[in-house]
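Overview (structure and organization)
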Amino acid sequence: QVQLVESGGGLVQAGGSLRLSCAASRSIGSLNPMGWYRQAPGKQRERVATSSRGAISNYENYVDSVKGRFAISRDNDKNTLYLQLNSLKPEDTAVYYCSANLFGSTCWGRGTQVTVSS
């Protein structure tokens, strides 16, 4: 089992930036893949970005709507996953959730709210 705690959300104007953090209760070296999802009011949860650890390097994958604007990264020393959000748009408004796969089970954080005003 792993606990995931997100932080860094908030209210920002369109075009602004935020950095979300996801602190894990254990070494993230054992969590693979890790990712960020989001859920807007009245919509289904969607995958935003994932980071998969390969034999040599990490592999990143993004939903088309955030490519070039968002960046996912890991800090193994801090057991933390990040999501840098740039050039934010009102349609990015959602609760953002961190997820991690541990031995075949997917664990979720409680989410952090991101609100982008126009």
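Everything below is about the structure shown above.
Anyway, here's the lowdown on the structure attached to this text. All values reported here derive from a predicted model rather than from experimental measurement.

A few points about unusual backbone geometry
With an omega of 0 degrees, the peptide bond running from Asn-32 to Pro-33 counts as cis. Take Pro-33: it is sitting in the loop between strand 3 (18–24) and strand 4 (34–39). The residue Asn-79 is not glycine, and still its phi comes out positive at about 55 degrees. With respect to the helices, strands and loops of the structure, Asn-79 is situated in the loop between strand 7 (70–75) and strand 8 (80–85). Phi at Phe-103 takes a positive value of approximately 50 degrees, unusual for a residue other than glycine. Within the secondary structure, Phe-103 is located in the loop between strand 9 (94–102) and strand 10 (105–108).

A short note on the state of the cysteines
Tallied over the entire structure, the rule returns one disulfide. Paired by a disulfide, Cys-22 and Cys-98 hold their sulfur atoms 2.1 Å apart. Between Cys-22 and Cys-98, the S-S dihedral sits near -75 degrees, and the bridge is therefore left-handed. Of this pair, Cys-22 sits in strand 3 while Cys-98 sits in strand 9, placing them 76 residues apart in sequence. Comparing Cys-22 with Cys-98 shows no difference in burial state: the two are buried. Of all cysteine sulfurs, the one in Cys-98 lies closest to Cys-107, which takes part in no disulfide; the gap is 9.8 Å.

Reading the values: the criteria
- Residues numbered from 1 in each chain as written.
- Predicted model: local features only at pLDDT ≥ 70, side-chain atom pairs only at ≥ 80, totals over all residues.
- Heavy atoms only, no water.
- Helix = DSSP H or I, 4+ residues; strand = E, 2+ residues; numbered from the N terminus.
- Disulfide = S-S within 2.5 Å.
- Buried < 20%, exposed > 50% of the residue type's maximum accessible area, 1.4 Å probe, protein only.

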